[in-house]
Amino acid sequence: MLAQTVAVVIFIAMFILIVMDKIERHHITIGCGVLTLVVVFGMIMKDGDAIIRTLNLDPIFTTHFWYSAGSSETASNGINWETIIFIAGMMIMVEGMARVGFFRWLCLKIASLVKYKTIPVFITFMIMSAVLAMFIDSITVILFLAAVTVELAKLLKFNPVPVILSEIFCANLGGSATMCGDPPNIIIGTSLGYSFFDFINNTGVIAGIGLVFTVIYFYFAFRKELREGSVVPEKKPVPRDAIKDMPGFIMSTVIFLIAVVLLVTHAETHLTVAFIGVLVSVLTLITAPKHMVYILKKVDYKTLLFFIGLFMVVGGLEETGVLVVIAEFIGKISGGNLFAICAIILWGSAVASAFVDNIPFAATMIPVIKSMSATMGIDLDMLAWTLSMGTDIGGSATPIGASANVVGTAVCAKSGHPVGWKRYCTTAVPATVIVITISMVCIFVRYI
Amino acid sequence: MENQLIISVGREFGSGGHLIAEKLSQRFGIKLYDHNFLDEIAAKHNGDIESIRKFDEAPKLRILSRTVRGYNNSPEDVVTQLQFEYMKERADAGESFVIVGRCSETVLKYHPAMISIFVLGDYDKKLERVKEKYNLSEKEAKSLMKLKDKKRKSYHNYNCDLHWGDSRLYEISINSSRLGIDETVDVLEEYINRRIGK
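Residues numbered from 1 in each chain as written. Chains lettered and ligands numbered in written order. Predicted model: local features only at pLDDT ≥ 70, side-chain atom pairs only at ≥ 80, totals over all residues. Heavy atoms only, no water.

### A short note on the overall build of chain B
Right, on to step 1. When helices and strands are tallied, chain B shows eight helices and seven strands.
Right, on to step 2. The principal-axis extents of the C-alpha atoms in chain B amount to approximately 50 × 50 × 30 Å.
Right, on to step 3. By residue count, 50% of the 198 residues in chain B fall in the buried class.
Right, on to step 4. Within chain B, residue pairs in contact and separated by at least 24 positions form 67% of the contacts whose partners lie at least 6 positions apart.
Right, on to step 5. Of the roughly 9,900 Å² that chain B leaves accessible, carbon and sulfur atoms contribute 49%.
Right, on to step 6. In chain B, 33 positive and 32 negative side-chain charges are present, and the distance between their average locations comes to 5 Å. (Helix = DSSP H or I, 4+ residues; strand = E, 2+ residues; numbered from the N terminus. Buried < 20%, exposed > 50% of the residue type's maximum accessible area, 1.4 Å probe, protein only. Contact = heavy atoms within 4.5 Å. Areas by Shrake-Rupley, 256 points an atom, 1.4 Å probe, with all protein chains shown as cover. Lys, Arg positive; Asp, Glu negative; His and termini not counted. Charge placed at Lys NZ, Arg CZ, Asp CG, Glu CD.)

### A closer look at the state of the cysteines
As used here, a disulfide is simply a covalent bond connecting the sulfur atoms of two cysteines.
Right, on to step 1. In the structure shown here, the tally under the stated rule is zero disulfides over all chains.
Right, on to step 2. We note that A:Cys107 lacks a disulfide partner, and the nearest cysteine sulfur, in A:Cys170, lies 14 Å from it.
Right, on to step 3. A relative accessible area of 2% means that A:Cys107 is categorised as buried.
Right, on to step 4. The closest cysteine sulfur to the non-disulfide-bonded B:Cys103 is located on B:Cys160, 3.5 Å from its own sulfur.
Right, on to step 5. We classify B:Cys103 as buried; its relative accessible area is 2%. (Disulfide = S-S within 2.5 Å.)

### Considerations on unusual backbone geometry
Right, on to step 1. Positive phi, normally seen in glycine, also occurs at A:Lys46, with a value near 50 degrees.
Right, on to step 2. Mapped onto the secondary structure, A:Lys46 falls in the loop between helix H2 (25-44) and helix H3 (48-55).
Right, on to step 3. Not every positive phi belongs to a glycine, and B:Cys103 is a case in point at roughly 60 degrees.
Right, on to step 4. Relative to the assigned elements, B:Cys103 resides in the loop between strand E5 (97-100) and helix H5 (104-107).

### So, the interface of chain A and chain B
Right, on to step 1. With 33 residues of chain A at the interface, the matching set in chain B holds 23 residues.
Right, on to step 2. In this structure, the connection of chain A to chain B is made through two salt bridges.
Right, on to step 3. In this structure, the salt-bridge partner of A:Asp300 is B:Arg69, at a minimum N-O distance of 3.0 Å.
Right, on to step 4. Across the contact surface, chain A and chain B share eight residue pairs in polar contact (both at pLDDT 80 or more).
Right, on to step 5. Of the residues that constitute the side of chain A that touches chain B, the class distribution is 17 nonpolar, eight polar and eight charged. (Salt bridge = Lys/Arg side-chain N within 4 Å of Asp/Glu carboxyl O. Polar contact = N/O pair within 3.5 Å; in protein donor to acceptor, adjacent residues only side chain to side chain. Nonpolar A, V, L, I, M, F, W, Y, C, P; charged D, E, K, R; others polar.)

### A few points about H2(A)
All names here are of chain A.
Right, on to step 1. Of all bends in H2, the biggest is about 25 degrees, found at threonine 36.
Right, on to step 2. Of all the positions in H2, only Arg25, His26, Ile28, Thr29, Cys32, Gly33, Thr36, Leu37, Val40 and Phe41 are classed as buried.
Right, on to step 3. Tucked inside the fold, the buried residues of H2 contact helix H1 (2-20), H3 and helix H16 (301-319).
Right, on to step 4. Lysine 46 occupies a position one or two residues after H2 and carries a positive phi of about 50 degrees. (Bend = angle between axes of the 7 residues up to and from the residue.)

### Points about the nonpolar core
All names here are of chain A.
Right, on to step 1. Among the nonpolar cores identified, the biggest contains 159 residues, and Met14, Met93, Phe125, Ile136 and Leu152 are the most heavily contacted of them.
Right, on to step 2. The leading source of residues in this core is helix H5 (residues 81-100), at 14 residues.
Right, on to step 3. If we ignore the near neighbours within four places in the chain, the residues touching phenylalanine 125 are Cys107, Ile110, Ala111, Leu145, Val148, Thr149, Leu152 and Glu167. (Core = buried A, V, L, I, M, F, W, Y, C linked by side-chain atoms within 4.5 Å.)

### Regarding the packing of H2(A) against H3(A)
Residues and elements named next belong to chain A.
Right, on to step 1. One way to put it is that H2 packs onto H3 with a least axis distance of 8 Å and a crossing angle of 145 degrees. Along this stretch, H2 crosses H3, giving a crossing that reads as right-handed. Along the contact surface, H2 presents Leu37, Phe41 and Gly42, while H3 presents Ala50, Ile51, Thr54 and Leu55.
Right, on to step 2. Its residues placed into classes, the contact of H2 with H3 shows five nonpolar, two polar and no charged. (Axes fitted to C-alpha atoms, helices over the stretch in contact; angles between N-to-C directions. Left-handed = near helix turned anticlockwise from the far one by under 90°.)

Written out as structure tokens, the structure is:
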């Protein structure tokens, strides 16, 4: 009981400190993670095995971690190294692509294809945001897309805020479609052993339907604002000028395509996402030896450390049985009714993710849904897709719900267009409610 | 650059600090930066002036913002940073100006042309002034004074190491209730002339 209480106290303290935003997030999670290992496992439980299980280093040295014929489900306890290694690998690949100007080129190319007309730019950028976010982390997608949007807004004389807000929403929606799009999905996919196609066939379908409604919704919400004062410029930017290093650009594009092919086919090739992450990062570094140090320096180590610490803290809740109690509680209040269980997980995850970071929330909920599936005999897949949609889409509702929202609104503000909660939520909350409702209907119709 | 003059005026609400800043700018024939500072920032960035104004001199609420990869999405913080950057840009370009509030005494402390002033006042005199200027009842004026000073204080203390009104931040702190607005301006003008003459 004492171990459970202390694990919960550490977990709540971690959440409060993250929300207060006074100390860097990775310091908080690593600090709380170490406290969990030392105090909960070491001093209270006196269980060395729990520490080893939570650090979870052994699987990395097995073939199964890199090449997994059959189920690729990783040990649920502790640090999910497959997620960490995959994200690190993708970060290196993305930094390589950014260095050569790939993203800026792509944005300008799309804008030039629609002849730099405001409304077509708005619609194509929303779709591009969703498609790119299926394979690349949404922070990077928004970082580049928002920067080009601000540049085009100055040129075409439109307000960049509606476009960036729509791009943010679509990036989060696109990220929900695949296993590698959004961090919660990577954690769900690797923890529960799902493939790229499992996600595409389930959350991907829902996200696709959601995207159609989203584009229509944002078009009607912002069309008047965007038409005001927009002009067709005399001098237009040339996409080719965005490319800083042509051979590097070609190599980066090829590596990106390899990553896409390997991710799409990983259920057939049995290569794990950790292997794919390492492969694309090695390819990126060896094809740009002169820029190796530059690329490695650009990698966001803080996010990786944030994940490691987070997994340790959640491991504390798991080892002490707290998450089983939560699972039983959800089962109890729903009365075992599948509709109620799905609705609670979907809307509960959505509301929670709107206010707290959706990554720790998803990491905490995975053992909960596993426990619910095991004890109540509920289909785990259905719970996983419900959790995925709830956390990914719920994070879109507020400016702090997901990392892409923070980066996008920060870029907006730096360009002289600060976005407050009211401005953000006025359009994002209805869009979130629409997509979560669509998700609920799809889940009810298809799985129950 | 040699004859450059930057006057920062911090003020309590109702002390007439803004009017004093305005008169100093007229006497020295230099530009006054107050709310119009935001117009220039908006024009520079092709930004939205109404949104920028909304977050001017406002402290951020930590629980409503987050930082990701060095990007902070607090509109209050970003508007503050835009102002600080623009302030430094104008000062470093050799421009002379009077600037009202906005932590300018701390942000431009490094600049050799800088003279920082804080204008305070007696409570009853400030109350009279606020009642008259904004046509308010005593109760309304008291509550507005409390609100404005609280906002300025928390904005300043969030962005600067030393506290708002702390005499160590300013070259001269002056109570405008003692001599009235015009004579306070005379005293400040004389001080500034002596300072720039050295």
